Amino acid sequence: MVDRNGQGRDVSPSGSPTRPPSSFVEQANVTDEGIYETFEDEWPECWDRAGSLLEWDQEYETILDDSDAPFYRWFPDGKLNASYNCLDRHLEAGRKNHAAIWWEGKRGESETYTYRELFVAVNEFAAALRELGVEEDDVVTIYLPMIPELPVAMLSCARIGAPHSVVFAGLSADALATRMEAADSEYLLTCDGYYRRGDAFNQKSKADNALLSLSQDVSTVVVDRLGEDLPHVLGENQYDYDDLTAAHEGETVEPVTRDAEDMLFLMYTSGTTGEPKGVVHSTGGYLSYAAWTSHAVLDIKPDDTHWCSADIGWITGHSYIVYGPLALGTTTVMYEGTPDYPDRDRLWEIVDRNAVDVFYTAPTAIQAFMKWGTEYPDRHDLTSLRLLGSVGEPLSPRPWRWYHEHIGGGECPIVDTWWQTETGGIAITTLPGVSEMKPGAAGPPLPSIDARVVDDDGAAVGPGEDGYLTIQTPWPGMATTLYDGDDEFVEEYWRQFSESEDDEWVYFSGDAAQVDEDGYVTILGRVDDVINVAGHRLSTMEIESAILDVDGVAEAAVVGGTSGANRTDVYAYVSTENDYEPGDALSRTIVSTVEAAIGPIARPEEVIFTSELPKTRSGKIMRRLLEDIASGDELGDTSALRNPEIVGEIQAATRTE
Ligand code: WTA
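(A) Quick look at the sheet that holds strand β17 (residues 331-335). Pairing in this open sheet of seven strands is mixed, and the strands run β5-β4-β17-β16-β18-β19-β20 from one edge to the other. Sheet topology places β5 (110-114) and β20 (414-417) at the edges, where each strand pairs with a single neighbour. When the angles between neighbouring strand axes are averaged without regard to direction, this sheet yields 20°. Two elements, strand β18 (residues 358-361) and strand β19 (residues 387-391), share four bridges in a ladder whose sense is parallel. Each bridged residue has a counterpart across the sheet, and for T361 the counterpart in β19 is S390. Contacts between helix α12 (residues 346-354) and the sheet are confined to β4 (99-104), β16 (305-308), β17 and β18, with β4 contributing the most and set at about 150° to the helix.

Here it is, written out as structure tokens:
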């Protein structure tokens, strides 16, 4: 049955249920307890609530076309532009001087973009992109750290109907090249470098290295972030961002009307093969869902200051720093730095200074805050906070309570939000103005999200039993396909349980979960070849294939292991070719090869050499066993092993590493 990865999750009993305080409920965007039933009764028309948060160039008459399932088409006859929805309409509504982006730099500098200023910047860069030759449907790759040009460029692309593909700035040159090649992208926006903990890091040299290996010609735009701190030279077909936009000063670009179905962006994420998957999101379905969940779950109001501390290089930043908050016309905070620089109270200082209303972060961060202690939040006034959120990993009851008490002052509801790159927006969590919270469980599925936990045959499992987390009816934020191809999309995520043609399609999330008697879902971790390390989604196959490129490596198996701490690390089990000596030198080469292929986030914490990997009689590496060993867990059934004698050696090697 469900065999889950070594994500080290103890299913601690959920803490006692907690009701949201009445002060919160009184002002919440959604308070109607009947909303779950209404959505069920009115499906799919209920999704007009999401669609109507946007302004359409051509109103949709149809909500959902499911004739080509699992390729669902939301608002299929509607037309709109995402940048218009995030900018122009707020200007027309008299909010031009309202802050759109509040940017906090690494070195203490800050910048504010009003909606009017953001509009101007987006139009100028949109004009610059046009001048470079970018046309509707051309994929523009953006490889930038958390600087304002990143959301500006995303909205500029959206304005001219060019899908963006943002690649996390910490990924390596090779990873950038793979993604640009796969998307056949001929345009790249990057920068000279960025500061990390006060040091200047070179980003352009990574981008230049990626460009060397590409078969297509690429026009590159470079933002000068570091000035004199890191001088750079522009090569052929490379342009300075400021020069380009200065040449289009004050120009406006008519937003291009897009079909609701047209691609707004693609985002590469780890899947079950060695290749990253290009997840495609639509303009109408995605944007309406990002806006709806920002409204209903994050409770965002136009006059709020909203802070999601994710990186825009991942889906959380796309949906809840950029598209959701800006579609609702609120102020979104964007922070370039780390939580502990210059000191461990940096985030609380930002909350205090900007009177942040809603704060959305990840369990890894919350666990770090807890470890650092209460003196850091205690230095600041955090009473502006009204709602707290968490995403990316399970939030266990202890950190939940710490977050609730020391950041939320016991007064803020917490939404533990489960979702994925593929779902586009939050899918499982409590509605903060409606439902009670159970620390440790994400919550019930949102209205009309038909999440069910099933066994191998697709049958729902009973309360408290482990199963696969699936979603059984479509929702507007869902990915429309994979850029890699429609067949890959179906193969990676969708199943039908009978041969019959009209059997419903079921979406498989790749996570294991349990549901309790009240319908609250507790996430247990991934069941596929994806591991979640500090909230970063990594493919074990991708890391393995990098390791297999190292001279002397015969075989490799990568698993996520937890060494007692509530944290998953990358463990690489490696056997060498006969005449190669395993040892520190080889171990260092393996680590640096993984960093070069993917990025430091995929760095193996441990490289463990073994004379053989554990294999089944049919010759398959038994990764499950390695996960148990890496996590120090009791070993599962080993009777299928062809070489059981190897287990003791691997255990001993893991412990002495
Ligand atoms: C995990 C991030 C437990 C899960 C938005 C999922 C979570 C993967 C939660 C998606 C949560 C996300 N509790 N686990 N609240 N939220 N996950 O695509 O394993 O980067 O499949 O999207 O993160 O990661 P992705």
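That covers the picture; the talk isn't over yet.
(B) Spotlight on the site of the ligand. In the vicinity of the ligand there are 17 residues, among which T417, T421, D511, R526 and R537 approach most closely. The contact in question runs from a nitrogen atom of the ligand to an N or O atom on the backbone of T417, over 2.8 Å. One of the side-chain N or O atoms of N532 is found 3.3 Å from an oxygen atom in the ligand. Protein burial of the ligand: of its 530 Å² of free accessible surface, 95% is covered by the chains. When its residues are assigned to classes, the shell around the ligand shows six nonpolar, six polar and five charged.

(C) Here's a closer look at helix α11 (residues 315-327). Burial analysis of α11 places 13 of its 13 residues in the buried class, which makes it a mostly covered element. One or two steps after α11, the chain reaches G329, where phi turns positive at roughly 75°.

(D) Layout of the sheet that holds strand β15 (residues 277-282). An order of β12-β11-β8-β6-β7-β14-β15-β23 is seen for the eight strands of this open sheet, with the pairing classed as mixed. Pairing within the sheet leaves two strands with one partner each, and these edge strands are β12 (238-240) and β23 (481-482). In the packing of helix α10 (residues 284-296) onto the sheet, the strands contacted are β14 (263-269) and β15, and the crossing angle to β15 comes to about 80°.

(E) Expanded view of the pattern of salt bridges. With the rule as written, the count across this model stands at 33 salt bridges. Its salt-bridge partner being D299, residue R386 comes within 3.3 Å of it at the nearest N-O pair. Of the two residues, R386 sits in the loop between α14 (375-378) and β19 while D299 sits in the loop between α10 and β16, which places them 87 residues apart along the sequence. For the residue pair R386 and D299, the accessibility class agrees, reading buried in each case. Residue R353 is joined to E349 by a salt bridge in which the shortest nitrogen-to-oxygen separation is 2.6 Å. In this pair, R353 and E349 both sit in helix α12, four residues apart, roughly one turn of the helix. Take R353: its relative accessible area is 43%, and that puts it in the partly exposed class. The partly exposed category is assigned to E349, whose relative accessible area is 22%. Counted as one network, the salt bridges with shared partners bring together D299, K301, D304, D357 and R386.

(F) Representation of empty space enclosed by the protein within the structure. Taken as a whole and assessed by the stated rule, the structure comprises six cavities of 30 Å³ or more. What the largest cavity holds in volume is close to 130 Å³. If you trace the largest cavity, you find 17 residues lining it, with L171, R179, Y268, S270 and W314 closest to the centre. Of all the secondary structure elements, the ones that give two or more residues to the lining of the largest cavity are β14 and β28 (536-539). Looking at which domains feed residues into the lining of the largest cavity, each of domain 1 (112-253) and domain 2 (529-656) supplies at least three.

Rules used throughout
Residues numbered from 1 in each chain as written. Predicted model: local features only at pLDDT ≥ 70, side-chain atom pairs only at ≥ 80, totals over all residues. Heavy atoms only, no water. Pairing = 2+ DSSP bridges. Helix = DSSP H or I, 4+ residues; strand = E, 2+ residues; numbered from the N terminus. Axes fitted to C-alpha atoms, helices over the stretch in contact; angles between N-to-C directions. Contact = heavy atoms within 4.5 Å. Near = heavy atom within 4 Å. Polar contact = N/O pair within 3.5 Å; in protein donor to acceptor, adjacent residues only side chain to side chain. Areas by Shrake-Rupley, 256 points an atom, 1.4 Å probe, with all protein chains shown as cover. Nonpolar A, V, L, I, M, F, W, Y, C, P; charged D, E, K, R; others polar. Buried < 20%, exposed > 50% of the residue type's maximum accessible area, 1.4 Å probe, protein only. Salt bridge = Lys/Arg side-chain N within 4 Å of Asp/Glu carboxyl O. 1 Å grid on protein atoms, 1.4 Å probe; cavity = no way out; pocket = protein on both sides within 12 Å on 5 of 7 lines; lining within 4 Å. Points joined across faces, edges and corners; volume = space filled by probe spheres on them. Domains from an automatic or database assignment.

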